[in-house]
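Descriptive analysis of the structure
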Amino acid sequence: MDNSNVALITKLVLEAVEKQKTSDDAGYLVPIGVSARHVHLTQEHVEALFGEGYHLTKKKELMGGQFASNETVTIVGLKLRAIENVRVLGPVRKQTQVEISATDAIKLGVKAPIRESGNIAGSSPIAIVGPKGAIYLQEGCIIAKRHIHMSPRDAMAAGVHDGDIVSVKADNERGTIFNNVQIRVDDSFTLEMHIDTDEANAAKIATGDTVRIISC
């Protein structure tokens, strides 16, 4: 092989390596937050579960003014299957909502739809039991749709807008691509993609790992 051919092959190999490197580095980097099952309550339901005049107490600050409370409840499906020690998140909301994983839904015997948080119309019924009482919801149990929280500055840098649907890739040994990821933009948000425990375990991802937005 003459020197001209060697030079040409070397050039092609280097270009291919550089192209692959550029492809691997492309996309906006987003940290992961694995979201375990949890409950949002109205003040009326807080008092029904924990006692008259009761208010949630703060355990850990979360983004957007939310917090993990010290309070936990038991959730019960229609077949009287229960999951205990489910964390309540504050502050109180206008609607009570239970967010679980698909595995939790099977255990509870409920048909929870995949929904954006707050969209509970027609969702699965569920019972919630606290130390002072219990409530039954005709609707309110969902599997949270995977989503990315962003500040407006992050959204501008990533080239996305509130409500956009994107795909992201986890560049680990599983090499998982998540489609149908909703963008949620607010001044109070810190950049983070939320997935549930089923999704995290299947993709071998933990809180603090990162993914890349690969399509908009």
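Here is a short report on the structure shown in this document. (Residues numbered from 1 in each chain as written. Predicted model: local features only at pLDDT ≥ 70, side-chain atom pairs only at ≥ 80, totals over all residues. Heavy atoms only, no water.)

Helix and strand counts for the chain come out as five helices and 14 strands. Counting only residues that meet the buried cut, the chain has 40% of its 216 residues in that class. Taking the intrachain contacts of the chain between residues at least 6 apart in sequence as the baseline, contacts between residues at least 24 apart amount to 66%. When the accessible surface of the chain is summed, it comes to about 12,000 Å², and 52% of that surface belongs to carbon and sulfur atoms. (Helix = DSSP H or I, 4+ residues; strand = E, 2+ residues; numbered from the N terminus. Buried < 20%, exposed > 50% of the residue type's maximum accessible area, 1.4 Å probe, protein only. Contact = heavy atoms within 4.5 Å. Areas by Shrake-Rupley, 256 points an atom, 1.4 Å probe, with all protein chains shown as cover.)

Okay, a negative patch on the surface next. Together, Glu116, Asp162, Asp186 and Asp187 give the surface a local cluster of negative charge. Structurally, Asp186 can be placed in the loop between strand E12 (177-185) and strand E13 (192-196). Its relative accessible area of 34% is what places Asp186 among the partly exposed residues. (Patch = residues over 30% accessible without salt bridge, like charges linked within 9 Å, V, L, I, M, F, W, Y side chains within 5 Å. Salt bridge = Lys/Arg side-chain N within 4 Å of Asp/Glu carboxyl O. Lys, Arg positive; Asp, Glu negative; His and termini not counted. Charge placed at Lys NZ, Arg CZ, Asp CG, Glu CD.)

Turning our eyes to something else, we now look at the packing of aromatic side chains. The final tally for this structure, using the stated rule, is one aromatic pair. Consider the rings of Phe50 and Tyr54, whose centres lie 5.3 Å apart with planes at 25°: the pair is stacked. In this structure Phe50 comes out as buried when scored by relative accessible area, which is 10%. (Phe/Tyr/Trp six-rings, centres within 6.5 Å; stacked < 30°, edge-to-face > 60°.)

A full pass over the atoms with the stated rule returns five salt bridges. Put simply, Asp104 and Arg37 hold a salt bridge, and the shortest N to O gap is 3.0 Å. Here Asp104, found in helix H3 (residues 102-108), pairs with Arg37, found in the loop between strand E1 (28-35) and strand E2 (38-40); they are 67 residues apart in sequence, far enough to count as distant. You can call Asp104 buried: its relative accessible area is 6%. Residue class for Arg37 comes out partly exposed when judged on its relative accessible area of 33%.

Backbone torsion omega between Gly90 and Pro91 reads 0°, so that peptide bond is classified as cis. Note that Pro91 resides in the loop between strand E5 (82-90) and strand E6 (97-100). In the Ramachandran plot, Leu80 falls in the positive-phi region, its phi being about 65° despite a non-glycine side chain. Secondary-structure assignment places Leu80 in the loop between strand E4 (67-76) and E5. Of note in this structure, Asn85 is not a glycine but carries a positive phi near 55°. Along the chain, Asn85 falls in strand E5.

Attention now goes to the side chain of His38. Summarising the element assignment, His38 is placed in strand E2. When its relative accessible area of 6% is taken as the criterion, His38 is described as buried. His38 has contacts with Val86, Arg87, Leu89, Gln97, Val98 and Glu99, leaving out every residue within four places of it along the chain.

A barrel is described by the order of its strands in space; here six strands give the closed sequence E1-E13-E10-E12-E11-E14, paired in mixed fashion. Direction aside, neighbouring strands of the sheet carry axes that sit 45° apart on average. One ladder, built from four bridges, connects strand E11 (residues 165-169) with E12; its direction is antiparallel. Paired with Ile165 across the strands is Gln182, a residue of E12. (Pairing = 2+ DSSP bridges. Axes fitted to C-alpha atoms, helices over the stretch in contact; angles between N-to-C directions.)

Once that is clear, we can look at the nonpolar core. When a protein is soluble and globular, its nonpolar side chains tend to lie buried together. Of all hydrophobic cores here, the largest spans 24 residues; its most connected members are Ile75, Ile100 and Ile128. Elements with a minimum of two residues in this core: helix H2 (43-50), E4, E5, E6, H3, strand E8 (124-129) and strand E9 (134-144). Broken down by element, this core gets its largest block of residues, four residues, from E9. The contact partners of Ile100, leaving out residues within four places of it in the chain, are Arg37, Ile75, Ala105, Leu108, Val110, Ala112, Cys141, Ile142, Ile143 and Ala144. Grouped together as the second largest cluster of nonpolar side chains are 21 residues, Ala170, Val181, Met193 and Val211 included. (Core = buried A, V, L, I, M, F, W, Y, C linked by side-chain atoms within 4.5 Å.)

By the secondary structure assignment, His149 is in strand E10 (residues 147-150). Classification of His149 by relative accessible area gives buried; the value is 5%. Here His194 takes part through its side chain, which lies 3.5 Å from a polar atom of the side chain of His149. Aside from chain neighbours lying at most four places away, what touches His149 is Met63, Arg184, Phe189, Thr190, Leu191, Glu192 and His194. (Polar contact = N/O pair within 3.5 Å; in protein donor to acceptor, adjacent residues only side chain to side chain.)

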